[in-house]
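Remarks on the overall topology
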Amino acid sequence: MLRVALIGCGAIGSSVIELLKGDASLAVVAVVVPQEGLAAAQALLQKFAPGVQAATAVPASGVDLVVETAGHAAIEEHVLPALRRGTPCVVASVGALSAQGLAEKLEIAAITGGTQVQLIAGAIGGIDALAAARIGGLDSVRYTGRKPPRAWKGTPAEQGRDLDALSAECVIFEGSAREAAALYPKNANVAATVSLAGLGLDRTHVRLVADPAVDENVHTVEAEGAFGRFELSMHNKPLAANPKTSALTVYSAVRALRNRAAALAI
Ligand SMILES: NC(=O)C1=CN([C@@H]2O[C@H](COP(=O)(O)OP(=O)(O)OC[C@H]3O[C@@H](n4cnc5c(N)ncnc54)[C@H](OP(=O)(O)O)[C@@H]3O)[C@@H](O)[C@H]2O)C=CC1
Ligand SMILES: O=C([O-])CC(=O)C(=O)O
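Residues numbered from 1 in each chain as written. Chains lettered and ligands numbered in written order. Predicted model: local features only at pLDDT ≥ 70, side-chain atom pairs only at ≥ 80, totals over all residues. Heavy atoms only, no water.

The chain has the name L-aspartate dehydrogenase in an unreviewed UniProt entry, where Variovorax soli is given as its organism. Turning to the chain, the UniProt record has this under Sequence similarities (unreviewed entry): "Belongs to the L-aspartate dehydrogenase family." Database annotation for the chain, UniProt heading Pathway (unreviewed entry): "Cofactor biosynthesis; NAD(+) biosynthesis; iminoaspartate from L-aspartate (dehydrogenase route): step 1/1." (UniProt positions renumbered as here; feature names shortened; annotations may be inferred.)

Written out as structure tokens, the structure reads:
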């Protein structure tokens, strides 16, 4: 049985705990949250994983695998030290890698620890195809992230516009994946994932749209290259606990964990 430390206990983390309850091959043994979140995390654990303690750091021993579902800051704070200690890590906050030098730091930490960091596909599909197509050469990759206006609350999209008053779609950002991930850390992880699998953070064209006509998170990728071309649209149901986040992200994290424990992985 693999012993898992989960970083973050919000919309994704709490759903991961729920789905792993009773799993024969994986056990959540620690949940890492900020000091001010300890009491709430402990109350949730009482319900779904009694006996598991909430903590403010990943335990230095007794952990086989770390999964991050917390946000950009948690990568520096918890993932890098775990990798250096030799613990493999699974990362959901892929947009964090848009910060200059962070991808290199993760690689160096994993090499130092003789382990590996895995970036999950999260809310998007087709990452396997895109990463394979890159080997033959890609000419262009375009990503559009379309979400209901409420999913853009608390982001720069609110500057100069009333999201509640939108009556038609509104392009709130157009530019590179690097800029998108830096400006919209909770809404542009997919932009970063698509770019890291494909043409890179600076050559991937990103459009972010607030659209009152949708109630799902719609992610579209269009790629062209030596392999041919593809278009993929995902219509993802958002999590009730966080409209910015698609439920598929939870399943993607659980899939990554189960694949680590499985004899046959797909
Ligand atoms: N790859 C993908 O496709 C996607 C990735 N994501 C990423 O996943 C992250 C989590 O999403 P979601 O669960 O919806 O977000 P929530 O805001 O619901 O939950 C975040 C959780 O992480 C905790 N947390 C925040 N900072 C730290 C830290 N430094 N150390 C430990 N715990 C911390 C929070 O604690 P507290 O509440 O006490 O602050 C909270 O428990 C997002 O920030 C985003 O970057 C999201 C959607 C898709
Ligand atoms: O969960 C989603 O739909 C995607 C998301 O928020 C992101 O790209 O950060």
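Let's pick the thread back up.
1. Quick notes on the site of ligand 2
Near ligand 2 you find 13 residues, and of these Lys147, Val190, His219, Lys244 and Ser246 are the closest. Considering ligand 2 on its own, with 270 Å² of exposed area, one finds that the protein chains cover 97% of that surface. Looking at the shell around ligand 2, the elements that each hand over two or more residues are helix H7 (189-197), strand E10 (217-225) and strand E13 (242-246). Broken down by element, the residue count for the shell around ligand 2 peaks at 3 residues, all from E13. Considered class by class, the residues forming the shell around ligand 2 number 3 nonpolar, 7 polar and 3 charged. (Near = heavy atom within 4 Å. Areas by Shrake-Rupley, 256 points an atom, 1.4 Å probe, with all protein chains shown as cover. Helix = DSSP H or I, 4+ residues; strand = E, 2+ residues; numbered from the N terminus. Nonpolar A, V, L, I, M, F, W, Y, C, P; charged D, E, K, R; others polar.)

2. Thoughts on the UniProt feature "active site" (unreviewed entry) in the chain
Per the UniProt record, "active site" (unreviewed entry) is annotated on His219. On the basis of relative accessibility, which here comes to 3%, the residue histidine 219 falls in the buried class. Those residues in contact with histidine 219 that sit more than four places away from it in its chain are Ala123, Ile124, Tyr143, Thr144, Gly145, Lys147, Val190, Leu232, Ser233, Met234, Asn236 and Ser246. (Buried < 20%, exposed > 50% of the residue type's maximum accessible area, 1.4 Å probe, protein only. Contact = heavy atoms within 4.5 Å.)

3. With respect to the pairing of strand E2 (residues 26-32)
Consecutive residues of a regular strand have side chains that alternate between opposite faces of the sheet. Of all 7 residues in E2, 5 are buried; the element is thus mostly enclosed. Alignment of strand E1 (residues 2-7) against E2, held across 6 bridges, turns out to be parallel. When the bridges of E2 are listed, alanine 5 appears paired with alanine 30. Viewed along the sheet, the connection from E1 through helix H1 (residues 11-20) into E2 turns out right-handed. Of the pairings in the sheet, the one linking E2 to strand E3 (residues 53-55) comprises 3 bridges and is parallel in character. (Pairing = 2+ DSSP bridges. Right-handed = clockwise from strand over helix to strand, strands pointing away.)

4. Considering the side chain of threonine 87
Assignment of secondary structure puts threonine 87 in the loop between helix H3 (73-84) and strand E5 (89-91). What makes threonine 87 buried here is its relative accessible area of 10%.

5. A look at the side chain of histidine 219
Assignment of secondary structure puts histidine 219 in strand E10. Within the local environment of histidine 219, its side chain forms a polar contact with the side chain of tyrosine 143, the two groups lying 2.7 Å apart. (Polar contact = N/O pair within 3.5 Å; in protein donor to acceptor, adjacent residues only side chain to side chain.)

6. So, the sheet that holds E3
Across the sheet, 6 strands lie side by side as E3-E2-E1-E4-E5-E6; this open sheet has parallel pairing. Strands at the two margins of the open sheet, each flanked by one partner only, are E3 and strand E6 (117-119). Within this sheet the neighbouring strands show an average axis-to-axis angle of 25°, counted without direction. Relative to E5, strand E4 (residues 65-68) runs parallel, the two sharing 3 bridges. Looking at E5, one finds that valine 66 is bridged to cysteine 89. (Axes fitted to C-alpha atoms, helices over the stretch in contact; angles between N-to-C directions.)

7. As for the site of ligand 1
Around ligand 1, the surrounding shell holds 27 residues, and the nearest of these are Ala11, Ile12, Ala92, Asn242 and Thr245. In the model, an oxygen atom of ligand 1 is placed 2.9 Å from a nitrogen or oxygen of the alanine 11 main chain. Within the backbone of alanine 70, a nitrogen or oxygen atom sits 3.3 Å from an oxygen atom of ligand 1. Burial of ligand 1 by the surrounding chains reaches 82%, relative to a free accessible area of 930 Å².

8. As for the packing of H1 against helix H8 (residues 247-261)
H8 packs onto H1 with a crossing angle of 50° between their chain directions and a minimal axis gap of 9 Å. Here H8 runs oblique to H1, going by the angle between their axes. The two elements H1 and H8 cross, and the hand of that crossing is right-handed. Of the residues in H8, those in contact with Ile12, Ser15, Val16, Leu19 and Leu20 of H1 are Thr249, Val250, Tyr251, Ala253, Val254, Leu257 and Arg258. Looking at side-chain class alone, the contact of H1 with H8 contains 9 nonpolar, 2 polar and 1 charged residues. (Parallel < 35°, antiparallel > 145°, perpendicular 65-115°, else oblique. Left-handed = near helix turned anticlockwise from the far one by under 90°.)

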